Every structure is written in structure tokens, then in C-alpha cells.
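A structural walkthrough
Next come the chains, spelled out residue by residue.
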Amino acid sequence: MRHEDSTEIHDHDRGLNHDLETMAHRVVERRRLLGLFGAGGVAALLTACGGGDSSGSSSGSTTTTTTTGTGTTTTTGTTTTTTGTSTTASSCVADPSETNGPFPSDGTNSVNGTISNVLTATGIVRSDIRSSFGTSTNTAPGVPLVLTIKVVNTNSSCANLEGYAVYVWHCTRDGNYSLYSSGVQNENYLRGVQVTNANGEITFTTIYPGCYSGRWPHIHFEVFPSLATATTQRNAALTSQFAMPQDISSAVYNGDSGYSASIRNLAAITIASDGVFGDNTSAQITAMTPTLAGSVASGFTGSVVVGLAR
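Read on for a plain summary of the structure. Computed from a prediction, not measured in an experiment: that's the story for all the values here.

Here we come to the overall build of the protein chain. Across its full length, the protein chain holds five helices and 13 strands. By element, 51% of the accessible surface of the protein chain is carried by carbon and sulfur atoms, the whole surface being about 14400 Å².

Quick look at the structure:
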């Protein structure tokens, strides 16, 4: 882990009884899995998580594969269309811890001498984080981004982690952070918390973050064991960042005039030279990079898997 450069501030974890107990445990576990996934899903999950690293990398690294999209199912002549995004973790790596940066508003720093902690504010639990809540209802402009985050246990065959709270925050298309940067200190948009469902998933609707000088485009996040503990970063099970994909970033910055400053900033930085992502392995970077699809005109939709060693 490397720390986020302070220049980001730019106005920006034998016998029978034994046999009977073991058999009973296996039956209960099998029924639990069947209830969550169905027989086919269990077989697929066990096969995927039990195998080795398909990328061939050393030191026991694994890759993260996600599947997203809209499906159509035809049954006995009746066509049913299912919309939305589904995310499946076929393998997983534990995400590395990264700095929360200078602008977290998670109870660890202050603004103008006052501790900034949006986690305790009424209204922070929400899926659409494009607008401020409370005294301001202004909306951050930018290319729409719908991101599904799946939280899994890397110590338990990529099992879904239900009931975990995830806090995300990121900069505007201009590279500014609400509550901190000049001009948006009275805003709290592009910040929100959600709780994972039985599939370990949450979905945020936001805008594509800009790229400011000295940093690769990114989204900050913190994962907490529960919503009740999501009141300060000190309770977080993981603090890290998502690295936005280069091709999509380039398309957004060149395709929307509101991101014009990001074109030059992106050209001056690489993953390897970034002060946060630069010391991570290729497998970690792959896991930390969302898979996205869409267009500048209609927005982007995608997913990313967060691995916790629980």
C-alpha cells in the first residue's frame, strides 16, 4: 500500500459421534447452498472456486471474473425478459488496503477545524448518489455510471457476504470533492452507503469520476461488517479504491466536454506511476478494476468484486 499524494488537495483480516456430526454438518451446509444458489449454481461455484489460477500467475494468485448483462429466457413458447445486472464471482482475490485520501468525510479528518463525517448524516444510505441531500439538492453533472459491487469472502470459496455496509465516494468530473473542495463545500453528492443483499451485492448510480493531476481515475470505498458499525473509518473491515479502466476513461474524457481537463491529466499518469495503485500486482489491479460497458451518450453499467479475507 502506498499513500495518496497530498498534492491531491488541489482546491481536490474420532469415532461414531464424530462421523455423525460431520455428516449432519454437510447436509445442513448443502441445503443452505442449494437455497441460495440452486443445485446448478452450487456446482458452478464449487468448480470455479476450487480450481487454480487460470492466468498462470505465480505465488498462488487468482483472478476475478465477473459476468454482467441483461438476459432473456424462453420457456414453453413464452419469452420472459429479465433486465438488470447480475454478477458472479468465479474466483476472487483479497483486495489490498489503500489510503482513504484527504477527502473521506468518514470521521478521520476535519474541514475548517470541524470533524467531517457524512457517515452519521441522515440520508447517507442511498443508491443514487448523484445529488446532495439535506440543505442542498444540487446534482453533480457527468456521464452516468451504474456500478454493482459484490462483496465476497476469499477465505470461504468466494461466499457472498450479506449485510455488509459499503461506503463509496469520488470526485466530480472536474476533480473536486464535495464537502472539501472550493465551490462544492456545501455539497455532499457523490457519497453514499448501501448494505449488501443475500447475493453480497449493492448497486450505486453515480457519474463517471474525473481524473485530476497526479492520480489515476478512481473511486474510494470502505467496507464495514454492518450498517451499525458504518459510523467511522476506524470500524472498517477494508478501506481501498477502484481503479477505473483506461479505455472507458479515455472515451468519457474525450467524448464529453465537461471532462476536458481530465484528458491532459490522464495522459500524464499510468497505473504503474500512480502513488496508490503502483505497488499492486497485476492480479490485484484486475480485481480492483470494474468491468464496464456502454457509451458516453447513454452512460456506462458494470460491476466489480470486492474480496475480504474473513
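With that settled, the discussion passes to the pattern of salt bridges. Going through the model one piece at a time under the given rule, you end up with three salt bridges. Between Asp-256 and Arg-173 there is a salt bridge whose closest N-O contact spans 3.9 Å. Of this pair, Asp-256 sits in the loop between α3 (246–255) and α4 (260–267) while Arg-173 is found in the loop between β7 (165–169) and β8 (191–195), placing the two residues 83 residues apart along the sequence. On the accessibility criterion, Arg-173 (22% relative accessible area) is partly exposed. With a closest N to O distance of 2.8 Å, Asp-274 and Arg-215 form a salt bridge. Taken as a pair, Asp-274 in the loop between α4 and α5 (282–288) and Arg-215 in the loop between β9 (201–207) and β10 (218–224) lie far apart in primary sequence, 59 residues in all. By relative accessible area, Asp-274 is classed as buried at 0%. The buried category is assigned to Arg-215, whose relative accessible area is 2%.

This part takes up the sheet that holds β7. Within a sheet, adjacent strands bond to each other through the backbone by hydrogen bonds, running parallel or antiparallel. Pairing within the open sheet is antiparallel, and its four strands lie in the order β8-β7-β10-β11. In this open sheet, the two strands that pair with only one neighbour each are β8 and β11 (238–243). Between one strand axis and the next, the sheet turns by 25 degrees as a mean value, whatever way the strands run. In this structure, β7 lies alongside β10, joined through five bridges in antiparallel fashion. Each bridged residue has a counterpart across the sheet, and for Val-168 the counterpart in β10 is Phe-221.

A separate point is the side chain of Ser-249. Here Ser-249 is to be found in helix α3. At 2.7 Å, the side chain of Ser-249 forms a polar contact with the side chain of Tyr-208. Apart from the residues lying within four places of it in its own chain, the contact partners of Ser-249 are Tyr-208, Pro-217, Met-244 and Leu-266.

Glancing now at the environment of Val-223. Here Val-223 shows up in strand β10. Linking Val-223 and Ser-240, residues 17 residues apart in sequence, is a C-alpha distance of 8.7 Å. If sequence neighbours within four positions are ignored, Val-223 has contacts with Val-151, Tyr-164, Ala-165, Val-166, Ala-236, Ala-237, Leu-238, Val-306 and Leu-308.

Our focus in this paragraph is α3. Within α3, the full set of buried residues consists of Ile-248, Ser-249, Val-252 and Tyr-253. Relative to the axis of α3, the buried residues are bounded by an arc of 125 degrees and lie together on one face. Across from the buried face of α3, at angles greater than 90 degrees, the exposed residues are Gln-246, Asp-247 and Asn-254. Residues of α3 that are buried make contact with α4, β12 (291–295) and β13 (299–308).

Turning next to the pairing of β10. Of all seven residues making up β10, seven are buried, and the element is well covered by its neighbours. The alternating pattern of β10 places His-218, His-220, Glu-222 and Phe-224 and Ile-219, Phe-221 and Val-223 on opposite faces, both of which are buried. With six bridges joining them, β10 and β11 adopt antiparallel strand pairing. Within β11, the position partnered with Val-223 by the bridge is Leu-238.

Ranked by size, the top nonpolar core spans 42 residues in total, and within it Ile-149, Tyr-208, Val-223 and Val-306 carry the most contacts. Secondary structure elements with two or more residues in this core: β5 (144–153), β7, β9, β10, β11, α3, α5 and β13. Membership of the second largest hydrophobic core comes to 17 residues, among which are Phe-103, Ala-165, Trp-169 and Cys-171.

Rules used throughout
- Positions within a chain are numbered from 1, following the residues in the order the chain's sequence is written.
- Note on the predicted model: pLDDT of at least 70 is required for a residue's local features to be given, and 80 or more for side-chain atom pairs to be given and counted; whole-chain, interface and lining totals, by contrast, use all residues.
- Note that the side-chain values use all heavy atoms of the structure and ignore hydrogens as well as water.
- Numbering of helices and strands runs from the N terminus, with a helix taken as a DSSP run of H or I at least four residues long and a strand as a DSSP run of E at least two residues long.
- Exposure was quantified through the Shrake-Rupley algorithm and a 1.4 Å probe, taking into account, for residues, occlusion by the shown protein chains and nothing else.
- Throughout this description, the term salt bridge denotes a Lys or Arg side-chain nitrogen within 4 Å of a carboxyl oxygen of Asp or Glu.
- Accessibility here uses a 1.4 Å probe with only protein chains present; expressed as a share of the type maximum, an area under 20% marks a residue as buried, one over 50% as exposed, and anything in between as partly exposed.
- For two strands to be treated as a pair, DSSP must find at least two bridges joining them.
- Axis geometry follows a simple rule: fit a line to the C-alpha atoms, using only the stretch in contact for helices, then measure angles between N-to-C directions, giving values from 0 to 180 degrees.
- Polar contacts here mean pairs of N or O atoms no more than 3.5 Å apart (in protein, one a potential hydrogen donor and the other a potential acceptor; neighbouring residues in sequence count only if both atoms are side-chain atoms).
- Contacts are residue-level and defined by heavy atoms, with any inter-residue pair within 4.5 Å sufficient.
- This arc is taken over the directions from the axis of the helix to the C-beta atoms.
- Here, nonpolar core refers to any group of buried Ala, Val, Leu, Ile, Met, Phe, Trp, Tyr and Cys residues whose side-chain atoms link them within 4.5 Å.

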